[in-house]
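Descriptive structure summary
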Amino acid sequence: MLVNATNMLLKARDGHYGVGQFNINNLEWTRSILLQAQAMQSPVILGVSEGAGKYMTGFKTVAAMVRAMDESLGITVPVALHLDHGTYEGAKACIEAGFTSIMFDGSHYPIEENIAKTRELVELAHDKGLSIEAEVGSIGVVGNGEIADPEECAKITALGVDFLAAGIGNIHGIYPANWKGLDFEALERIHQATNNIPLVLHGGTGIPDEMVQKAIRLGVSKINVNTDCQLVFAEATRKYIEAGKDQQGKGYDPRKLLKPGADAIMDKVKEKIELFGSANKA
């Protein structure tokens, strides 16, 4: 059942566990994540970037596809369909397209412009019954990541956003060998400045398990997972082809070719749900 993310993250915050956001970009990935969440009775968030949404032929098509799959598989756990790192125009489009949650990444704007755009999107999202996430402190793809300013976090939180992604040294993609780790002192300052709002940890791939669990104890309620699923899918598919299984019988059939990768994603989702502590929290 598709819902907005607000209640599931509030429950996670109060219960000191995390909800996984697993980004999707095709049918096999979506099906694998939904089935594993159902099997483990875990709430789950399906994240869609604007790029993936366009690749999957449009926001309206993505929303319709997820709703149809959710119904056809008989999914009963809470599922949020979330725009990840949306632009101002992209967020508006997804509000109209049937998403149940959006993220507006206004971190690259001057703070006053970020506030103005976020305020408008909060009103639009809440009028439609959607949850909305904002970001403070750009979460990049290299280096040691930015640290968000607690004062800016407080200003954005005061606009009525439902949860907040704040940079605490996290990055997207594979972490470099010289990465310094999460800044937990910054996380505590942000948590205090934002009146206990559910916080979001982007770039969950590569962060040591003990750091993830400590972040959850300090107020993080949603953890984004993307690269992890990409890596295990690629590895499983490579092994299938290198073993020559695509040349055995009808091993070239896409349903067989994609199955090892889909199974690997299910295993990875299971691992993350257990780490986050959200099993049997639906």
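I will try to describe carefully the structure that is included in this document. (Residues numbered from 1 in each chain as written. Predicted model: local features only at pLDDT ≥ 70, side-chain atom pairs only at ≥ 80, totals over all residues. Heavy atoms only, no water.)

**Considerations on the packing of helix α6 (residues 111–127) against helix α7 (residues 150–157)**
- At a minimum axis distance of 10 Å, the contact between α6 and α7 shows a crossing angle of 25 degrees. With respect to each other, α6 and α7 are oriented roughly parallel. Crossing geometry of α6 relative to α7 is assigned as right-handed. Residues I111, E112, N114, I115 and T118 of α6 form the contact with α7, whose participating residues are E152, K155 and I156.
- Here the contact of α6 with α7 is built from residues that sort into three nonpolar, two polar and three charged. (Axes fitted to C-alpha atoms, helices over the stretch in contact; angles between N-to-C directions. Helix = DSSP H or I, 4+ residues; strand = E, 2+ residues; numbered from the N terminus. Parallel < 35°, antiparallel > 145°, perpendicular 65-115°, else oblique. Left-handed = near helix turned anticlockwise from the far one by under 90°. Contact = heavy atoms within 4.5 Å. Nonpolar A, V, L, I, M, F, W, Y, C, P; charged D, E, K, R; others polar.)

**What to know about the environment of P78**
- Along the polypeptide, P78 turns up in the loop between α4 (59–72) and β3 (79–86).
- The sequence separation of P78 and T157 amounts to 79 residues, and the corresponding C-alpha distance is 25 Å.
- Residues contacting P78, with those up to four places away along its chain left out, are M1, V3, M8, P43, V44 and A282.

**Regarding helix α11 (residues 254–276)**
- Given a rise of 1.5 Å per residue, 23 residues ought to cover 33 Å, and the 32 Å separating the end C-alpha atoms of α11 matches this to within 8%.
- Along its length, α11 shows its largest kink, about 30 degrees, at P260.
- Elements that come into contact with the buried residues of α11 comprise β1 (19–23), α2 (27–40), α9 (209–217), β8 (220–225) and α10 (227–242).
- Immediately beyond the C-terminal end of α11, within one or two residues, lies G277, with a positive phi of roughly 80 degrees. (Expected span 1.5 Å × (residues − 1). Bend = angle between axes of the 7 residues up to and from the residue.)

**A closer look at the sheet that holds β3**
- Spatially, eight strands are ordered β1-β2-β3-β4-β5-β6-β7-β8 in a closed barrel, and the strand pairing comes out parallel. Pairs of neighbouring strands in the sheet enclose a mean axial angle of 25 degrees, with direction left out of account.
- Contacts from helix α1 (residues 6–15) reach β1, β2 (44–49), β3, β5 (131–136), β6 (163–166) and β8 within the one sheet, and its direction differs from that of β8 by about 115 degrees. (Pairing = 2+ DSSP bridges.)

**Observations concerning the pairing of β3**
- Most of β3 sits out of view: seven of its eight residues are buried.
- Two elements, β3 and strand β4 (residues 101–104), share three bridges in a ladder whose sense is parallel. Each bridged residue has a counterpart across the sheet, and for L83 the counterpart in β4 is I102.
- Taken together, β3, helix α5 (residues 88–97) and β4 constitute a β-α-β crossover, and its handedness is right-handed. (Buried < 20%, exposed > 50% of the residue type's maximum accessible area, 1.4 Å probe, protein only. Right-handed = clockwise from strand over helix to strand, strands pointing away.)

**Points about the packing of aromatic side chains**
- By the definition in use, this model includes five aromatic pairs.
- Relative to F99, the ring of F59 lies with its centre 5.9 Å away and its plane at 85 degrees, an arrangement referred to as edge-to-face. Here F59, found in helix α4, pairs with F99, found in the loop between α5 and β4; they are 40 residues apart in sequence, far enough to count as distant. Note on accessibility: F59 and F99 belong to one class, buried.
- Among the aromatic residues, those joined into a cluster by ring pairs are Y88, F104 and Y109.
- For the cation-ring pair, K117 lies above Y109, with the distance from its terminal atom to the ring centre recorded as 5.3 Å.
- Cation over ring: K214 sits above F184, and NZ or CZ is 4.5 Å from the ring centre. (Phe/Tyr/Trp six-rings, centres within 6.5 Å; stacked < 30°, edge-to-face > 60°. Lys NZ or Arg CZ within 6 Å of the ring centre and 35° of its normal.)

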